Amino acid sequence: MAVCIVKDNRIVLMKGYGIKELGLPDQKVDESTLFMIGSNTKAFTATALAMLQEDKKLSLDDHVTKYLPNFKLENKLAAEQTTLRDLLCHRLGFKTFQGDFAFYNSKLTRAQIIDKLGGLKATYPFRTKWGYTNAAFLTAGEVIPKVADKSWEAYLKEKIFAPLGMSNTLALSADLPKSFNKAVPHTLIDERLSAVPYAQMDGMAAAMSISSSISDMSKWVLAQLNNGKVGVKQVIPEGAILETRKPQDFVASKRHLNGETNYELYGLGWFLQDYSGHRIIMHDGGVTGFVSSVTLVPQDNLGIIILTNTDQNALYEALRWEIMDAYFKQPFRNYSETYLANFKKTLPMNSGLLKN
């Protein structure tokens, strides 16, 4: 794993822990080791589209069909009314992950996945329920070439990665196996942690294909906490940063281990919560063999990044809350023990699925 904490515009901790692959003890994780970040890709995609809105190239409230005339949903009227904002906040009416695993780690092209999304019958009426939909984010990403004359991956590299100094970050999963300093994905097979092949996520690129290091991700988080600035230079327009953090949808009621119950909302590529009197902007990301988390606490100028190379762990989540509690001066709670107990309860179910 790799962990970074930034506070008050400086790096408090940045460190790699453990090894890149089981059985290779000399292959240590360091600050430049690449991990797939999964759905933490979504904040990059939403930010890119918000930047294009700032540049007057589009409006997030434009209908998708303005840019993708062939965009369809099973509900024809819903397709005609769907906006870019709808795509970026998961309110098309699909149940969470509905259809996603038919598209996941497949050889389908982006156009084919968007076409197949149009054949799914939504579980709920349009805009009535929040339901996490990776293919919607893919669709949003495919609007970028229509207004910027460059692919989603080229736009991110030119407008976000390069200006922030994220020189090791890869937009496409196909490039990760060719990299020198990379973590190997692991999962549980027959209740044993084992290395597995890298997932090919480029068909779903704008939803989940980025790979990055803790060093590069620190630059992203520092810019986020500084309203898009790197030093005195405004790399990402402040308006674009703020746009992604506006609440769009109610997700659920969340009960924290400290006894608080608060609402969880969704912005554009970010989950939004309140915790211990602090507004939390966060997202997790998971693809085969990797789980990550990115957490922003703007009012405290605090950022937490955790990258791991097994998809069967809750450490990334327990550690996030442990770090926040330390900064918020909350009493110590043994998150590790609580999360481990919950994980063990689901282990037979998880390993059974993996064996199949």
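So, here is what we can say about the structure in this document. (Residues numbered from 1 in each chain as written. Predicted model: local features only at pLDDT ≥ 70, side-chain atom pairs only at ≥ 80, totals over all residues. Heavy atoms only, no water.)

Our next topic: the nonpolar core. The nonpolar side chains of soluble globular proteins are, as a tendency, buried together. By size, the foremost hydrophobic cluster in this structure holds 113 residues, and its most contacted members are F44, L58, W152, L156, I160 and W220. The element that contributes the greatest number of residues to this core is helix α1 (residues 41-54), accounting for eight residues. With near-sequence residues (within four places) excluded, L156 lies in contact with F44, A48, F161 and I210. (Core = buried A, V, L, I, M, F, W, Y, C linked by side-chain atoms within 4.5 Å. Buried < 20%, exposed > 50% of the residue type's maximum accessible area, 1.4 Å probe, protein only. Helix = DSSP H or I, 4+ residues; strand = E, 2+ residues; numbered from the N terminus. Contact = heavy atoms within 4.5 Å.)

Now for the packing of α1 against helix α6 (residues 134-141). Between α1 and α6, the least distance of the axes is 10 Å, while the angle of their chain directions is 35°. Along this stretch, α1 crosses α6, giving a crossing that reads as left-handed. Facing K42, T45, A46 and L49 of α1, the residues of α6 in contact are N134, F137, A140 and G141. For the contact of α1 with α6, the class distribution of residues is four nonpolar, three polar and one charged. (Axes fitted to C-alpha atoms, helices over the stretch in contact; angles between N-to-C directions. Left-handed = near helix turned anticlockwise from the far one by under 90°. Nonpolar A, V, L, I, M, F, W, Y, C, P; charged D, E, K, R; others polar.)

Our next topic: the layout of surface pockets. Roughly 1,400 Å³ of internal volume is contained in the largest pocket. In this structure, the largest pocket is lined by 43 residues; those nearest its centre are F97, D284, G286, V291 and Y316. When contributions to the lining of the largest pocket are tallied by element, the ones reaching two or more residues are α4 (100-103), β9 (249-255), β11 (271-275), β12 (278-287), α12 (315-328) and α13 (335-355). In terms of residue class, the lining of the largest pocket is built from 23 nonpolar, 12 polar and eight charged. (1 Å grid on protein atoms, 1.4 Å probe; cavity = no way out; pocket = protein on both sides within 12 Å on 5 of 7 lines; lining within 4 Å. Points joined across faces, edges and corners; volume = space filled by probe spheres on them.)

The set of residues buried in helix α5 (residues 110-117) consists of R110, I113, I114 and L117. The buried residues of α5 all sit within an arc of 100° when viewed along its axis, so they share a single face. Turned more than 90 degrees away from the buried face of α5, the exposed residues are A111 and D115. (Arc of directions from axis to C-beta.)

So, on to the pattern of salt bridges. Tallied over the full model, the rule gives 18 salt bridges. We note a salt bridge from D86 to R127, for which the minimum N-O separation is 2.7 Å. Residue D86 is found in helix α3 (residues 84-88), and its partner R127 is found in the loop between α5 and α6; the two are separated by 41 residues along the sequence. Overall, the relative accessible area of 0% leaves D86 in the buried class. The partly exposed category is assigned to R127, whose relative accessible area is 40%. Its salt-bridge partner being K178, residue D175 comes within 3.3 Å of it at the nearest N-O pair. By sharing partners, the salt bridges in this structure join D61, R85, E243 and K246 into a single network. (Salt bridge = Lys/Arg side-chain N within 4 Å of Asp/Glu carboxyl O.)

Next up on the list: the sheet that holds β9. The strand order across the open sheet built from eight strands is β2-β1-β14-β13-β12-β11-β10-β9, with neighbouring strands paired in antiparallel fashion. In the strand order of this sheet, the two ends are held by β2 (10-16) and β9, each with one partner. For this sheet the average axis-to-axis angle between neighbouring strands, irrespective of direction, equals 15°. Taken together, the three bridges between strand β10 (residues 261-266) and β11 define a ladder with antiparallel strand orientation. Within β11, the residue paired with Y266 across the bridge is F271. On the sheet, helix α10 (residues 214-225) packs against β1 (2-7), β2, β13 (290-297) and β14 (302-308) and is oriented at approximately 155° with respect to β14. (Pairing = 2+ DSSP bridges.)

Turning to the packing of α1 against helix α8 (residues 152-164), a few remarks are in order. Orientation of α1 relative to α8, taken along the N-to-C sense of each, is 80°, at an axis distance of 11 Å. Classified by the interaxial angle, the pair formed by α1 and α8 is roughly perpendicular. Of the residues in α8, those touching α1 at T41, F44, T45, T47, A48, M51 and L52 are W152, Y155, L156, K159, I160 and F161. Its residues placed into classes, the contact of α1 with α8 shows nine nonpolar, three polar and one charged. (Parallel < 35°, antiparallel > 145°, perpendicular 65-115°, else oblique.)

This part covers the side chain of S39. Take S39: it is sitting in the loop between β3 (35-36) and α1. Of the residues examined, S39 reaches a relative accessible area of 6% and is grouped as buried. In this structure the side chain of S39 is engaged in a polar contact, spanning 2.7 Å, whose partner is the side chain of K42. Aside from chain neighbours lying at most four places away, what touches S39 is Y132, N134, A207, M208, H283, D284, G285 and G286. (Polar contact = N/O pair within 3.5 Å; in protein donor to acceptor, adjacent residues only side chain to side chain.)

Two elements, β9 and β10, share six bridges in a ladder whose sense is antiparallel. Looking at the pairing, K254 lines up with N262 of β10. Here β9 folds back onto β10, and the loop between the two strands holds five residues, one of which, G259, carries a positive phi near 95°.

It is worth spelling out unusual backbone geometry at this point. Phi at N301 takes a positive value of approximately 50°, unusual for a residue other than glycine. The topology assignment puts N301 in the loop between β13 and β14.

Here the focus is the packing of aromatic side chains. Across all of its chains, the model carries 14 aromatic pairs by this definition. Between F250 and Y263 the ring centres are 5.6 Å apart and the planes differ by 75°, which places this aromatic pair in the edge-to-face class. One end of the pair, F250, is in strand β9; the other, Y263, is in strand β10, with 13 residues separating them in the sequence. The exposure class assigned to Y263 is exposed, which follows from its relative accessible area of 58%. Taken together, a centroid distance of 6.2 Å and an interplanar angle of 45° make the contact between Y275 and F328 tilted. Of this pair, Y275 sits in strand β11 while F328 sits in helix α12, and the two are 53 residues apart along the sequence. An aromatic cluster is built from F97, W130, Y132, Y266 and F271, whose rings are joined through pairwise contacts. For the cation-ring pair, K42 lies above F137, with the distance from its terminal atom to the ring centre recorded as 5.6 Å. Positioned above the aromatic ring of Y124 is the side chain of K129, whose terminal nitrogen or guanidinium carbon lies 5.5 Å from the ring centre. (Phe/Tyr/Trp six-rings, centres within 6.5 Å; stacked < 30°, edge-to-face > 60°. Lys NZ or Arg CZ within 6 Å of the ring centre and 35° of its normal.)

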